[in-house]
Amino acid sequence: MDSVYSAFAPLVGSNPVTLVSALIFFATAALSLGIMSVARSRAELKRRASAITVDIPGRGNDTSDKRSLRYASITAAQKLIEYTTKHYASADDANLKLLRRRMIEAGILDPRAPGFFFIIRTVLAIVFAAAALPIVPMLLPGLTPSWFWMCVLCSGLMGYMAPSLLLDRRIKGRQNEHRAGFPDFMDLLVVCADAGLSMEASLDRVGRELSDSYPSLSANIHMATLEIRAGRTLGEALEHLADRLGLEEARAFATLLQQSAELGSSLTDALRVYSDDMRHKRLSTAEEKAYSLPAKLSVPLVLCIFPVLIIVTMLPAYIRVKFGPF
């Protein structure tokens, strides 16, 4: 101990407490580093082992053993999904066309999406109805049997309608983003057309420029450019773009370019006129919202502020009339 103290004395001074503290610090640091290195080695070993799939004879693998419950469940789920997607993908009903259109407007481009939608809606209806069976008697113990089954039925309907409501909300959010970014899209197209770029090159350039501000609109524009590169005409690509965006402005834009190409007029002049129209439309929309604000504020004023003002002004007079002067 004396030799250790004499060796560390120039560093820690002549105080033995400082020496003990330094030794405890170094020991704790060494122990922590050792534990961290062991934990890191074990994590790396587990990561490498999880990437290697080895079927050991004699040990049942749940995914390969046909007699296991997991294999039967996965097989049944796959058959259900395949049957549903095949049935709804081949159907040509008006309601299914409308559903596919809503899926496209929501950004879900998978052709199996309608089948998954119906499966999820059915499963949620069953789950909500089954969850209502024990919950309703706990929350409302005095219900008659007819009202009890009515509540269960309402719960099932809520589960059945929940996917449609979520889909409508997603469509509305994407349309608001597209509507907010479409005037900027038109302005950038005018700039690119004035710079001498073709319409295909302008779409590619504008789509890359809008990726930070409007990612959904940029992704749809990029898909339109890929369709043009794959061999579709500009009019068809823009019509598909309008279907994905779900905006009347985009459909009018596709019609404008198609008519300009057929009539032989200048695309730059047509884009400039339509861009000015979009800018005025955005301004008129903002003015409409500003003018409707007083009417919207009247409801909270009547419900929240006016009763308080009436109570504050009338309460002293009521107290004086009721109880007399103090």
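Going by the structure above, here's the rest.
Everything numeric here is computed off the predicted structure, so don't read it as measured data.

1. What to know about the overall build of the chain
Working step 1: Counting its regular elements, the chain contains 11 helices and zero strands.
Working step 2: Order of helices (α) and strands (β) in the chain, N terminus to C terminus: α-α-α-α-α-α-α-α-α-α-α.
Working step 3: Burial statistics for the chain: of 326 residues in total, 24% are counted as buried.
Working step 4: Of the contacts formed within the chain by residues at least 6 apart in sequence, a portion of 57% connects residues at least 24 apart.
Working step 5: Just so you have it, the chain exposes about 22,700 Å², and 66% of that area is on carbon and sulfur atoms.

2. Examining the nonpolar core
Working step 1: Phe-182, Phe-185, Met-186, Leu-189, Leu-203, Phe-253 and Leu-271 are the most contacted members of the largest nonpolar core, which totals 29 residues.
Working step 2: Counting only elements with at least two residues in this core, the list comes to α6 (145-194), α7 (199-209), α8 (215-230), α9 (234-245), α10 (248-263) and α11 (267-323).
Working step 3: Looking at which element gives the most residues to this core, the answer is α6, with seven residues.
Working step 4: Apart from the residues lying within four places of it in its own chain, the contact partners of Phe-253 are Phe-182, Phe-185, Met-186, Leu-189, Leu-238, Leu-271 and Tyr-274.
Working step 5: Core analysis: the second largest hydrophobic core is formed by nine residues, Met-103, Ala-106, Phe-117 and Ile-171 among them.

3. A few points about the packing of aromatic side chains
Working step 1: A full pass over the atoms with the stated rule returns six aromatic pairs.
Working step 2: Within the aromatic cluster, the residues linked to one another by ring pairs are Phe-182, Phe-185, Phe-253 and Tyr-274.

4. Points about the pattern of salt bridges
Where charged atoms from two side chains of opposite charge approach closely, those side chains can pair.
Working step 1: Evaluated as defined, the whole model comprises 12 salt bridges.
Working step 2: A salt bridge links Glu-249 to Lys-281; the shortest N-O distance between them is 2.9 Å. Here Lys-281 lies in helix α11 and Glu-249 lies in helix α10, a separation of 32 residues in the sequence.
Working step 3: Judged by relative accessible area, which is 9%, Glu-249 ranks as buried.

5. Looking at the state of the cysteines
Simply put, disulfide is the name for a covalent bond between the sulfur atoms of two cysteines.
Working step 1: Applying the stated criterion across every chain, the model contains zero disulfides.
Working step 2: Not engaged in a disulfide, the cysteine Cys-154 finds its nearest cysteine sulfur in Cys-151; these two sulfurs lie 6.3 Å apart.
Working step 3: With relative accessibility at 38%, the residue Cys-154 sits in the partly exposed group.

6. What to know about the side chain of Asn-220
Working step 1: Checked against the element boundaries, Asn-220 lands in helix α8.
Working step 2: Engagement of the side chain of Asn-220 in a polar contact is seen with the backbone oxygen of Ser-216, the distance being 2.7 Å.
Working step 3: When sequence neighbours within four positions are dropped, the list of residues in contact with Asn-220 reads Arg-174, His-178, Leu-241, Arg-244 and Leu-245.

7. Regarding α11
Working step 1: Over its 57 residues, α11 runs 82 Å from end to end, which matches the ideal 84 Å to within 8%, given 1.5 Å per residue.
Working step 2: The sharpest bend along α11 measures roughly 50 degrees and falls at Leu-301.
Working step 3: Of the residues making up α11, those classed as buried are Ala-270, Leu-271, Tyr-274, Ser-275 and Met-278.
Working step 4: Buried residues belonging to α11 abut α6, α7 and α10.

8. Digging into the packing of helix α4 (residues 94-105) against α6
Working step 1: Running from amino to carboxyl end, α4 crosses α6 at an angle of 50 degrees, the nearest separation of the two axes being 9 Å. Taken as axis vectors, α4 and α6 run oblique relative to one another. α4 and α6 meet at a crossing whose hand is left-handed. Along its contact with α4, which presents Leu-99, Arg-102, Met-103 and Glu-105, the element α6 presents Ser-164, Leu-167, Asp-168, Ile-171, Arg-174 and Gln-175.
Working step 2: Across the contact of α4 with α6, the residue classes break down as four nonpolar, two polar and four charged.

9. Brief notes about the environment of Ala-106
Working step 1: With respect to the secondary-structure elements, Ala-106 resides in the loop between α4 and α5 (113-139).
Working step 2: Residue classification places Ala-106 among the buried residues on the basis of a relative accessible area of 0%.
Working step 3: Between the C-alpha atoms of Ala-106 and Leu-167, which are 61 residues apart in sequence, the distance is 6.8 Å.

Cut-off values and rules
- Residues numbered from 1 in each chain as written.
- Predicted model: local features only at pLDDT ≥ 70, side-chain atom pairs only at ≥ 80, totals over all residues.
- Heavy atoms only, no water.
- Helix = DSSP H or I, 4+ residues; strand = E, 2+ residues; numbered from the N terminus.
- Buried < 20%, exposed > 50% of the residue type's maximum accessible area, 1.4 Å probe, protein only.
- Contact = heavy atoms within 4.5 Å.
- Areas by Shrake-Rupley, 256 points an atom, 1.4 Å probe, with all protein chains shown as cover.
- Core = buried A, V, L, I, M, F, W, Y, C linked by side-chain atoms within 4.5 Å.
- Phe/Tyr/Trp six-rings, centres within 6.5 Å; stacked < 30°, edge-to-face > 60°.
- Salt bridge = Lys/Arg side-chain N within 4 Å of Asp/Glu carboxyl O.
- Disulfide = S-S within 2.5 Å.
- Polar contact = N/O pair within 3.5 Å; in protein donor to acceptor, adjacent residues only side chain to side chain.
- Expected span 1.5 Å × (residues − 1).
- Bend = angle between axes of the 7 residues up to and from the residue.
- Axes fitted to C-alpha atoms, helices over the stretch in contact; angles between N-to-C directions.
- Parallel < 35°, antiparallel > 145°, perpendicular 65-115°, else oblique.
- Left-handed = near helix turned anticlockwise from the far one by under 90°.
- Nonpolar A, V, L, I, M, F, W, Y, C, P; charged D, E, K, R; others polar.

Taken by themselves, the reported measurements are silent on function.
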